[in-house]
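Chain by chain, the residues run as shown.
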Amino acid sequence: PQHNPRRRGESTVAPSLSLPLSLPVTETRSSASMALDSMAAEEVVQLINDEDRHVAQVVASLRSTIAKVATEMAKRIAQGGRVFYVGAGTSGRLGVLDASEIPPTFSAPSMWFQGLIAGGDQALRNAVEGAEDNREQGKLDLLAKELTDLDVVVGIAASGTTPYVHGALQATKEALPGSHTVLIACNPLVETDYPYIDTFLTAVVGPEILTGSTRMKAGTATKLILNQLSTVAMIVSGKTYGNLMVDLRVSNQKLRRRAIRILQLVLGDMDDDEAVQLLEQAGGQVKVAIAMRLTGVAATKEEAEAVLRSHHGRLGHIVARSAAGETAT
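Since the model is a prediction, treat every value here as computed from it, not as a measurement. (Residues numbered from 1 in each chain as written. Predicted model: local features only at pLDDT ≥ 70, side-chain atom pairs only at ≥ 80, totals over all residues. Heavy atoms only, no water.)

Caption draft 1: Structural detail: helix H6 (residues 217–236). For H6, which comprises 20 residues, the first-to-last C-alpha distance of 28 Å matches the rise-based estimate of 28 Å (1.5 Å per residue) to within 8%. Every buried residue of H6 is listed here: Lys217, Ala218, Gly219, Ala221, Thr222, Ile225, Leu226, Leu229, Ser230, Ala233 and Met234. Among the residues trailing H6, Gly238 stands out with phi positive, at a value near 85°. (Helix = DSSP H or I, 4+ residues; strand = E, 2+ residues; numbered from the N terminus. Expected span 1.5 Å × (residues − 1). Buried < 20%, exposed > 50% of the residue type's maximum accessible area, 1.4 Å probe, protein only.)

Given below as structure tokens:
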């Protein structure tokens, strides 16, 4: 792919890759799997694992750009912006999946991360013929979200050229020049052909062992990138303390037990009954419960929430002040 110094993206192409320019990498045949139908099951599994190891290396090479995009997401969310994932087929499903996991993992508003898939929600379970080819619908679906200049739109397209995705990206940039647009793709792209995209995350992981089945390596690369973008954005936003999920939403027994363990880890010597009582007083919010205890023996839920707001939700600041013998205010 051509290098465009005005862009912040990176492209990594699989080693020893040679193909006609007219044929996307994702549609080429892998020399390692030509006899796929005659291989033993364990051989196929081994081949898939070998190929997936390469996927991780390719995604790792994009770490600088992934970090920049995640930081941009966090900055814009703090100012009232949102993140939209837009895709079709496997790409769309992965975007919806990542967005749907942010609220329970980080107690984040569902509006922060939203997934749009070509063909609508029914396409999550069943293919909607022709939906990905409708560029105009991509535009309409996204603009219906009443975008602002603070929003980030992440197009997801293994091919890099899905019309539905590009319709959404182009409409965003034309309507709102201050918005930030990103494209995740698994084919080399001439970046200058897409002036409405601010950042490219191009992970060229090579041909699939099952030709054209981008739910495999391309899908794995996409999920790795999405996981990193959203998780890093939430960490940067102060949604964790160390490596603890202190902003989780207690919605089932497993998460309730996790919440109790986190309280005991952060606050020290505390039995289960005491942790349960504190968690209930905090309305099931782990971070608030910790802030209540560190703010003062008689601190209320409302007082702890006010302290957290004053520290921009960063529990580490409150823990540090408490450890220094200061009262968090």
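Caption draft 2: Expanded view of empty space enclosed by the protein. Taken as a whole and assessed by the stated rule, the structure comprises 1 cavity of 30 Å³ or more. In this structure, the largest cavity encloses a volume near 40 Å³. Of all the secondary-structure elements, those providing two or more residues to the lining of the largest cavity are helix H3 (89–106) and H6. Among the elements that make up the lining of the largest cavity, the one with the highest residue count is H3 (4 residues). (1 Å grid on protein atoms, 1.4 Å probe; cavity = no way out; pocket = protein on both sides within 12 Å on 5 of 7 lines; lining within 4 Å. Points joined across faces, edges and corners; volume = space filled by probe spheres on them.)

Caption draft 3: Summary view of the nonpolar core. In this structure, Met73, Phe113, Val154, Ile225 and Leu229 are the most contacted members of the largest nonpolar core, which totals 32 residues. Elements with a minimum of two residues in this core: helix H1 (41–60), helix H2 (63–78), strand E2 (83–87), H3, strand E4 (152–157), strand E5 (180–185), strand E6 (199–203) and H6. Residues within four places of Ile225 in sequence aside, it is in contact with Val59, Leu62, Ile66, Ile184, Leu201 and Ala203. Residues Leu248, Ile290, Met292 and Leu315 belong to the second largest nonpolar core, which totals 27 residues. (Core = buried A, V, L, I, M, F, W, Y, C linked by side-chain atoms within 4.5 Å. Contact = heavy atoms within 4.5 Å.)

Caption draft 4: Geometry of the side chain of Lys217. Relative to the helices and strands, Lys217 is located in helix H6. Judged by relative accessible area, which is 3%, Lys217 ranks as buried. Other than its neighbours up to four places away in sequence, Lys217 contacts Glu51, Asp52, Val55, Val205, Gly206, Pro207 and Glu208.

Caption draft 5: Structural view of a negative patch on the surface. Together, Asp269, Asp271, Asp272 and Asp273 line one region of the surface with negative charge. Looking at the secondary structure, you find Asp269 in the loop between helix H7 (253–267) and helix H8 (272–281). On the basis of relative accessible area, Asp269 is assigned to the exposed category, the value being 81%. (Patch = residues over 30% accessible without salt bridge, like charges linked within 9 Å, V, L, I, M, F, W, Y side chains within 5 Å. Areas by Shrake-Rupley, 256 points an atom, 1.4 Å probe, with all protein chains shown as cover. Salt bridge = Lys/Arg side-chain N within 4 Å of Asp/Glu carboxyl O. Lys, Arg positive; Asp, Glu negative; His and termini not counted. Charge placed at Lys NZ, Arg CZ, Asp CG, Glu CD.)

Caption draft 6: Focus on the confidence of the model for the chain. Looking at the chain as a whole, its pLDDT mean stands at 90, while 91% of the residues score no less than 70. Segment residues 1–20: pLDDT under 50, and 49 contacts once partners within four positions in sequence are set aside and those in other chains are kept. (pLDDT = per-residue confidence, 0-100.)

Caption draft 7: Inspection of the packing of H1 against H6 at higher detail. Relative orientation of the contacting elements H1 and H6 amounts to 40°, with a least axis distance of 10 Å. Classed by the angle they form, the pair H1 and H6 counts as oblique. Two packed elements cross with a definite hand, and for H1 against H6 that hand is right-handed. Packed against H1, whose contacting residues are Glu51, Asp52, Val55, Ala56 and Val59, the element H6 presents Lys217, Thr220, Ala221, Leu224, Ile225 and Gln228 at the interface. (Axes fitted to C-alpha atoms, helices over the stretch in contact; angles between N-to-C directions. Parallel < 35°, antiparallel > 145°, perpendicular 65-115°, else oblique. Left-handed = near helix turned anticlockwise from the far one by under 90°.)

Caption draft 8: Broad picture of the packing of aromatic side chains. Inspection of every chain in the model, using the stated rule, returns 3 aromatic pairs. Note on Tyr85 and Phe113: the rings are 6.0 Å apart at their centroids and 50° apart in plane angle, and the pair reads as tilted. Linking Tyr85 in strand E2 with Phe113 in strand E3 (residues 113–117), this pair joins segments that are 28 residues apart in sequence. What makes Tyr85 buried here is its relative accessible area of 1%. (Phe/Tyr/Trp six-rings, centres within 6.5 Å; stacked < 30°, edge-to-face > 60°.)

Caption draft 9: Main features of unusual backbone geometry. Located in the positive-phi region is Ser107, a residue other than glycine, with phi close to 50°. Along the chain, Ser107 turns up in the loop between H3 and E3. Relative accessible area serves as the criterion here: at 27%, Ser107 is assigned to the partly exposed category. Positive phi outside glycine occurs at Glu146, with the angle close to 50°.

Caption draft 10: Summary view of the environment of Ser100. Following the sequence through the fold, Ser100 ends up in helix H3. Note: C-alpha distance between Ser100 and Ser110 (10 residues apart in sequence) is 7.6 Å. Here Leu97 takes part through its backbone oxygen, which lies 2.8 Å from a polar atom of the side chain of Ser100. (Polar contact = N/O pair within 3.5 Å; in protein donor to acceptor, adjacent residues only side chain to side chain.)

Caption draft 11: Layout of the packing of H3 against H6. Two elements in contact, H3 and H6, have axes whose closest approach is 10 Å; the angle formed by their N-to-C orientations is 30°. Considering their axes alone, H3 and H6 lie roughly parallel with respect to each other. In this structure, H3 meets H6 at a crossing whose hand is right-handed. Seen from H3, the contacting residues are Leu94, Gly95, Leu97, Asp98, Ile102 and Phe106; seen from H6, they are Gly219, Thr222, Lys223, Leu226, Asn227, Ser230, Thr231 and Met234.

Caption draft 12: Region of interest: the pattern of salt bridges. This model, assessed by the stated rule, comprises 11 salt bridges. Across the pair Glu51 and Lys217 runs a salt bridge, and its minimum N-O distance is 2.5 Å. Separated by 166 residues along the polypeptide, Glu51 in helix H1 and Lys217 in helix H6 bring together distant segments of the chain. The two residues Glu51 and Lys217 agree in class, both being buried. One network of salt bridges, with partners in common, ties together Glu72, Lys75 and Arg76.

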